[in-house]
Amino acid sequence: MEITVERLKELGACFDWVEKFAHQYPDGFDTSEWTLEQQIKEFQGEFREVIMFAVSRKLLPLWAMNGANLTLANLEGANFSRADLSDADLSRANLFGADLRGANLSYANLYGARLEGANLFGANLSMADLSGADLNRANFSRANLYGARLEGANLSYANLYGARLEGANLTL
């Protein structure tokens, strides 16, 4: 399958995204060439909004990113709902306003990550390291934080309604 400028327009992509795509892939993009490595690279770049749009419209698969190294990645506003990020290294990553609803982040390293305003409703963060993370206004409603490390994390205005916190370390 190929993604083209015309197809993006048909699906309602915004003008800026279509322009970025046309500049990056003037002849279209062959989805058979889409790899996990390319996905990780694109999620860290300025092209991530276009990629997430293509994933949301089923033009590209969202590869499981369990164990991926996303240290210092700028993933602001990314949509990782129901994504497998188990055992991923997201230390010091910017996930401001990210959609992580139902994502699997078990055993993930989120040390010092910025998750301000992120939506983690129903996410699995069991045994995750969130030490020193900015979790201000994050939504952890019904999230599984069993055994998670939250030492020194900023939980100001975070929503923990219905979250599972057994064994979690909340030391300030």
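Residue numbers here run from 1 along each chain, matching the order of that chain's written sequence. At least 70 in pLDDT is required for a residue's local features to be given in this predicted model, at least 80 for side-chain atom pairs to be given and counted, and no such filter applies to totals for whole chains, interfaces and linings, which use all residues. To obtain the side-chain values, all non-hydrogen atoms of the structure were included, while hydrogens and water were left out.

**Student:** So what exactly am I meant to see when it comes to unusual backbone geometry here?
**Tutor:** What you tend to see is this: most non-glycine residues have negative phi, and most peptide bonds are trans. Of note, Lys 58 is a non-glycine position whose phi angle comes to about 65°, a positive value. What counts as a helix is a DSSP run of H or I of at least four residues, what counts as a strand is a run of E of at least two, and both are numbered from the N terminus. Its place among the elements puts Lys 58 in the segment after helix 4 (48-56). Per-residue accessibility, obtained with a 1.4 Å probe over protein chains only, is compared with the maximum for each type, and a residue is labelled buried under 20%, exposed over 50%, and partly exposed between these values. Using a relative accessible area of 71% as the deciding quantity, one classes Lys 58 as exposed. A positive phi angle, near 65°, is found at Met 127, a position not held by glycine. Of note, Met 127 is situated in the segment after helix 4. Under the relative-accessibility criterion, Met 127 is labelled partly exposed at 38%.

**Student:** Help me understand empty space enclosed by the protein, please; the structure alone is not making it clear to me.
**Tutor:** Rolled over the atoms, a probe sized like a water molecule indicates the empty space that remains. For cavity detection a 1 Å grid was placed over the protein atoms alone, and a set of points counts as a cavity when a 1.4 Å probe fits there but cannot get out; an open set counts as a pocket when protein lies on both sides within 12 Å along at least five of seven lines, with lining residues being those that have an atom within 4 Å of a point. Grid points are joined across faces, edges and corners, and a volume is the space filled by probe spheres set on the points. Per the counting criterion, the structure on display carries one cavity of 30 Å³ or more. Considered as a void within the structure, the largest cavity measures approximately 80 Å³ in volume. A total of three residues in the lining of the largest cavity trace back to one element, the largest contributor, which is helix 4. Under the grouping applied here, Gly and all other residues not named as nonpolar or charged are polar, the nonpolar ones being Ala, Val, Leu, Ile, Met, Phe, Trp, Tyr, Cys and Pro and the charged ones Asp, Glu, Lys and Arg. Its residues placed into classes, the lining of the largest cavity shows 11 nonpolar, one polar and no charged.

**Student:** Honestly, the pattern of salt bridges in this entry has me stumped. Any pointers?
**Tutor:** A side chain with one charge may pair with a side chain of the opposite charge, provided their charged atoms come close. Here a salt bridge means any side-chain nitrogen of Lys or Arg lying within 4 Å of a carboxyl oxygen belonging to Asp or Glu. Across all of its chains, the model carries six salt bridges by this definition. Here the residues in one salt-bridge network are Asp 129, Arg 149 and Glu 151, joined through shared partners.

**Student:** Would you mind showing me how to read the side chain of Asn 94 here?
**Tutor:** Within the secondary structure, Asn 94 is located in the segment after helix 4. For the purposes of these results, a polar contact is taken to be a pair of N or O atoms within 3.5 Å, where, inside protein, one atom must be able to donate a hydrogen and its partner to accept one; residues adjacent in sequence count only when each atom of the pair is a side-chain atom. Reaching out from Asn 94, the side chain makes a polar contact with the backbone nitrogen of Phe 96 at a distance of 3.0 Å.

**Student:** Is there a simple way to think about the environment of Met 127 in this case?
**Tutor:** It is 28 Å that separates the C-alpha atoms of Met 127 and Thr 35, two residues lying 92 residues apart in sequence. When checking whether two residues touch, look at their non-hydrogen atoms; a contact exists if any pair is within 4.5 Å. Those residues in contact with Met 127 that lie beyond four places of it in its chain are Tyr 107, Tyr 146, Gly 147 and Ala 148.

**Student:** Explain the confidence of the model for the protein here, please?
**Tutor:** Low-pLDDT portions of the prediction should not be read for the details of their coordinates. Residues with a pLDDT of 70 or more make up 99% of the protein, whose mean pLDDT is 92. Confidence scores here are pLDDT values: one per residue, from the predictor, ranging 0 to 100. The least confident element of the protein, judged by mean pLDDT, is helix 4 at 82; the most confident is helix 1 (residues 5-10) at 92.

**Student:** Any chance you could explain the layout of surface pockets here in plain terms?
**Tutor:** Looking at the largest pocket, its volume works out to about 270 Å³. Lining the largest pocket are 14 residues, with Val 55, Lys 58, Leu 62, Ser 81 and Arg 82 sitting closest to its centre. Across the lining of the largest pocket, the residue classes break down as eight nonpolar, three polar and three charged.

**Student:** Mind showing me how you'd approach the packing of aromatic side chains here?
**Tutor:** Two measures describe an aromatic ring pair: the distance that separates the ring centres and the angle between the ring planes. Only centres within 6.5 Å qualify two rings of Phe, Tyr or Trp (six-membered ring in Trp) as a pair; their planes then separate them into stacked at under 30 degrees, edge-to-face at over 60, and tilted for everything else. One pass over the full model with this rule turns up four aromatic pairs. Ring geometry for Phe 21 and Tyr 25: centres 5.5 Å apart, planes at 45°, overall tilted. Its relative accessible area of 15% is what places Tyr 25 among the buried residues. Taken together, a centroid distance of 6.0 Å and an interplanar angle of 85° make the contact between Phe 29 and Trp 34 edge-to-face. Put simply, the rings of Phe 21, Tyr 25, Phe 29 and Trp 34 pair up and form one aromatic cluster.

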